[in-house]
Amino acid sequence: MPTVSEALSLMDYGPAPESPAVALDWLKGRTFGQFIAGAFTAPRDPFDSVNPATGAVLAQVSQGSEADVAAAVKAARAAARKWAGLSGGQRARHLYALARLMQKRERLFAVIESLDNGKPIRESRDIDVPLAVRHFYHHAGWAELIADEFPGMRPHGVCGQIIPWNFPLLMLAWKAAPALAAGNTVVLKPAEQTPLSALLFAELCIEAGLPKGVVNIVTGDGRTGAALVASDVDKIAFTGSTEVGRQIRRATAGSGKALTLELGGKSPFIVFAESDLDAAVEGVVDAIWFNQGEVCCAGSRILVQESVAERFTRRLKARMATLRVGDPLDKSTDIGAVVDRVQLDRIRGIVDQAVAEGAVLHQAPAPNGPGCFCPPALLTDLGAANIAMTEEIFGPVVALMTFRTPDEAVALANNTRYGLAASIWNENITAALDIAAQVKAGVVWINGTNLFDANAPFGGMRESGYGREGAREGMLAYLTGAGAGGRARNAPEALSPLPAGASGDAVDRTRKLYIGGAQKRPDGGYSYAVPGAQVPLGGRKDIRNAVEAAHKAGGWSRVTGHNRAQVLYFLAENLNARARDLGPGDEVAQAVERAFYWAAWADKYDGKVHSTASSQVTLAMKEPFGVMGIVCPEEAPLLGFVSTVLPAIAMGNRVIAVPSQANPVPALDLVQVLDTSDVPGGVVNIVTGPRAELTDTLAKHDDVAALWVFADATTCANAETQSAGNLKPVWTDPLTRDWSGPQGQSREFLRRAVQVKTVWVPYGA
Ligand code: NDP
């Protein structure tokens, strides 16, 4: 007879299967058409939707053609005006109805999701579906409050939304709920592997009496997605791989379509010696083994402090051995099936390469059978350059390396092109928050991981994309301002370079560029003539020097808003004192007023504390991008410069400004004002010259984090195309503005000068 403790150690879980009967009854081997204008079309060009745990075909769905996409967009367009014209309260009632119906069908949704995606029922039942429902409730609230909370803003119109396969229903909710609340209509394309929950949602739209055409769902593969991107929509919202994100950036360049991208990640999971190691081990389970690691913000790089690394790794391996891999519908399964064979092969391929590069793999054998199962894995003994440390694996595989000092932890954490999330484990909250401030990530969890809520903004920095989903910040992605609405800008005339000493003028007597707080000759030594002056012809090398100088001025981003305000007030005063020298006319007086205006904002455009569903305070911090490029408008050479450069530096950015090409003299005259106003060298850099070329260089530059372009349509479009490299957010405006009025000082300038970092801090029990 075993003792009680022996019996406990021998006990295993019995089977606890969730019945698929209701879901299979709903599917009944159906073949679905497209959901357009409130009804399903006849199926065409069908393909299988497969259960990755068994290989069984669940249903067939149609491959959406260009014509299907066009029909869906047409239906959405036809419904748009009426939907946007409803009162917020009326739209809210529709969203409530959808939320309530989803809640009523929670179990059906959960089973469909687990069948189609392979995720454990415990996760679809307890996480995906309740969060999706919460999203609709939360956004019903925003619909209700829209006129009060977003005055002067309007919906984009028709939104094309493309979602991946890892959280099919939840991603639908993240995209559709805010779009609808804001008054947009929607054409949504689910991933080809996991379309079923979206089709069930389509049925709910009918049942809820949603007006026809407000939600349209087009199934198909990447070609259908590309057709949606190319179609007549007003906005594209995409979640998926960084590579496809880049393609979409290029495809939408110059189209005027608004774009938000939620892309990949390689998020650090940082364990300090002062952390609760057992809690951190449990954190890893949620960070990388949750949802088979198919999570964009998965903590896939463990960085553990050397002094506890051995202890931590031992406990982690012990915990990993307890995870149960198998039938997604069994309630005691921790890790279900990977979405398909392609993804499984991809995971295995990267793991093999990591091992070939020297990593040591700790992983149990995969269960037998036809399913796409990948047991949880830990890779150790690897360096920062190992593929498992650099590439998004999107599977239950975590790489572990050590660090010694907090500075090293930050350096390793930021040693990636991504910037989606970070998880920091340290019982010393002061130390943890110090790291939170330094990591480049859109979401930071302190002593926690993978926490989500409809009222917490989610989204990335760097190559993880831009735009936020959730909360007030997420609503802004589906609303737009009044728009400038001026006439199209013309491209400036081609320049005729003058070599040094031309026109009898020594190059020393021409104006100079302003880089790093000093006046510099252009690298090429050329200048060009404008009325009354000869100005430097800056080029690629000058932009690069300016970017370097701006990077060195990083202290500006760390000083308080109050300090920045003091500098800007001083600048405004000095501008006023020199008003007469800067030329006659209203423009100078307006520039002085504008400078005071932006000085006033420097310490006021602050973040929010969001109330989320758990025992956390969730801070939405507004952080500067760092180094920004600003191509100032041709019109209003002084006022346009002041109106764009000052809000960016008020928010803590350092700027490379390209002033008006035809008349850069007023901007160059500001150099003395900047010098006498305690603006640190490198915070404002001015490069004059051919705008199109300088803009191109700024757009391509990997160390420029954001770009504003107030220029002709061709220059704007090219900037968008070239920005696909490091995926910097680009704000383009090809229409002239009246810079003297509200178009010159709206909140949009502040919003576009910051990125939100969401920090989840434990609060209360
Ligand atoms: P994709 O980025 O290809 O897919 C995301 C969505 O975009 C799907 O709906 C897809 O359609 C669609 N799509 C594909 N090509 C285009 C296109 N040219 N234009 C418009 N839409 C398009 O991801 P995959 O599913 O191929 O996964 C590949 C890798 O991407 C994964 O291994 C993982 O590393 C990463 N990934 C990251 C995600 C994240 O959230 N960060 C989510 C999903 C994947 P379809 O599915 O039909 O091809």
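Residues numbered from 1 in each chain as written. Predicted model: local features only at pLDDT ≥ 70, side-chain atom pairs only at ≥ 80, totals over all residues. Heavy atoms only, no water.

Caption draft 1: Fine view of the overall build of the protein. Tallying secondary structure elements over the protein gives 26 helices and 32 strands in all. Taking 2.2 N^0.38 as the reference for a compact globule, 765 residues should give roughly 27 Å; the C-alpha atoms of the protein span a radius of gyration of 28 Å, in line with that estimate. Buried positions account for 61% of the 765 residues belonging to the protein. Taking contacts inside the protein between residues at least 6 apart in sequence as the whole, the part at least 24 apart equals 76%. For the protein, the computed accessible surface area is about 28,500 Å², with 53% contributed by carbon and sulfur atoms. Here the protein holds 73 positive side-chain charges and 79 negative ones, and the gap between their average locations is 4 Å. (Helix = DSSP H or I, 4+ residues; strand = E, 2+ residues; numbered from the N terminus. Rg over C-alpha atoms; globule rule 2.2 N^0.38 Å. Buried < 20%, exposed > 50% of the residue type's maximum accessible area, 1.4 Å probe, protein only. Contact = heavy atoms within 4.5 Å. Areas by Shrake-Rupley, 256 points an atom, 1.4 Å probe, with all protein chains shown as cover. Lys, Arg positive; Asp, Glu negative; His and termini not counted. Charge placed at Lys NZ, Arg CZ, Asp CG, Glu CD.)

Caption draft 2: Looking closely at the nonpolar core. Among the nonpolar cores identified, the biggest contains 110 residues, and Phe136, Phe201, Ile217, Trp289, Ile302 and Phe312 are the most heavily contacted of them. Here the element with the most residues in this core is helix α7 (residues 168-182); it accounts for 12 residues. In this view, Trp289 contacts Val284, Leu316, Met320, Leu323, Asp334, Ile335, Pro376, Ala377, Pro396, Val397 and Val398; residues no more than four positions away in its chain are not counted. Ranked by size, the runner-up nonpolar core spans 61 residues in total, among them Val530, Leu568, Val588 and Met651. (Core = buried A, V, L, I, M, F, W, Y, C linked by side-chain atoms within 4.5 Å.)

Caption draft 3: Region of interest: the pattern of salt bridges. Going through the model one piece at a time under the given rule, you end up with 33 salt bridges. For Arg105, the salt bridge is made with Glu207, and the minimal N-O distance between the two is 2.9 Å. Of this pair, Arg105 sits in the loop between α4 (88-104) and α5 (106-117) while Glu207 sits in helix α8 (residues 196-207), and the two are 102 residues apart along the sequence. For Glu207, a relative accessible area of 45% corresponds to the partly exposed category. Lys119 is the partner of Asp128 in a salt bridge, and the nearest nitrogen-oxygen pair spans 2.4 Å. (Salt bridge = Lys/Arg side-chain N within 4 Å of Asp/Glu carboxyl O.)

Caption draft 4: Fine view of the sheet that holds strand β4 (residues 46-50). With respect to topology, three strands assemble into an open sheet ordered β1-β5-β4, the strand pairing being mixed. The sheet terminates laterally at β1 (31-32) and β4, the two strands that pair on one side only. (Pairing = 2+ DSSP bridges.)

Caption draft 5: The arrangement of the site of the ligand in detail. Near the ligand there are 30 residues, and of these Ile163, Trp165, Asp221, Ser241 and Arg346 occur at the shortest range. A distance of 3.1 Å separates an oxygen atom of the ligand from a polar atom in the side chain of Glu192. Here Gln247 contributes a side-chain N or O atom positioned 3.1 Å from a nitrogen atom of the ligand. In the complex, 87% of the free accessible area of the ligand, which totals 840 Å², lies under the protein chains. Mapped onto the shell around the ligand, the elements with two or more residues apiece are α9 (222-230), β10 (235-239), α10 (242-252) and α13 (341-356). Looking at the shell around the ligand, the element that brings in the most residues is α9, giving four residues. (Near = heavy atom within 4 Å. Polar contact = N/O pair within 3.5 Å; in protein donor to acceptor, adjacent residues only side chain to side chain.)

Caption draft 6: The arrangement of the packing of helix α20 (residues 561-577) against helix α23 (residues 665-676) in detail. Running from N to C, α20 and α23 cross one another at 135°; their axes reach a closest spacing of 9 Å. In terms of axis orientation, α20 runs oblique to α23. Note that α20 runs across α23; the crossing there is right-handed. On α23, the residues that touch Phe570, Leu571, Asn574 and Leu575 of α20 are Leu670, Val673, Leu674 and Thr676. (Axes fitted to C-alpha atoms, helices over the stretch in contact; angles between N-to-C directions. Parallel < 35°, antiparallel > 145°, perpendicular 65-115°, else oblique. Left-handed = near helix turned anticlockwise from the far one by under 90°.)

Caption draft 7: The arrangement of the packing of aromatic side chains in detail. Going through the model one piece at a time under the given rule, you end up with 25 aromatic pairs. One aromatic cluster is present, formed by Tyr597, Trp598, Trp708, Phe710, Trp731, Trp739 and Phe749 through successive ring pairs. Directly above the aromatic system of Tyr605 lies the positively charged group of Lys622, at a separation of 3.9 Å from the ring centroid. It is Arg737 that lies over the ring of Trp739; its NZ or CZ is 5.7 Å from the centre. (Phe/Tyr/Trp six-rings, centres within 6.5 Å; stacked < 30°, edge-to-face > 60°. Lys NZ or Arg CZ within 6 Å of the ring centre and 35° of its normal.)

Caption draft 8: Region of the structure containing the pairing of strand β27 (residues 627-631). Along β27, five of the five residues are buried, which leaves the element largely enclosed by surrounding structure. As defined by bridge partners, β27 adjoins strand β28 (residues 654-658) across five bridges and the pair is classed as parallel. Bridge pairing in β28 places Met628 opposite Val655. This β-α-β element, β27 to helix α22 (residues 639-650) to β28, shows right-handed connectivity. Examined bridge by bridge, β27 and strand β30 (residues 706-709) share four bridges and lie parallel to one another. Residue pairing across strands places Val631 opposite Val709, the latter belonging to β30. (Right-handed = clockwise from strand over helix to strand, strands pointing away.)

Honestly, it's all geometry; don't read function into it.
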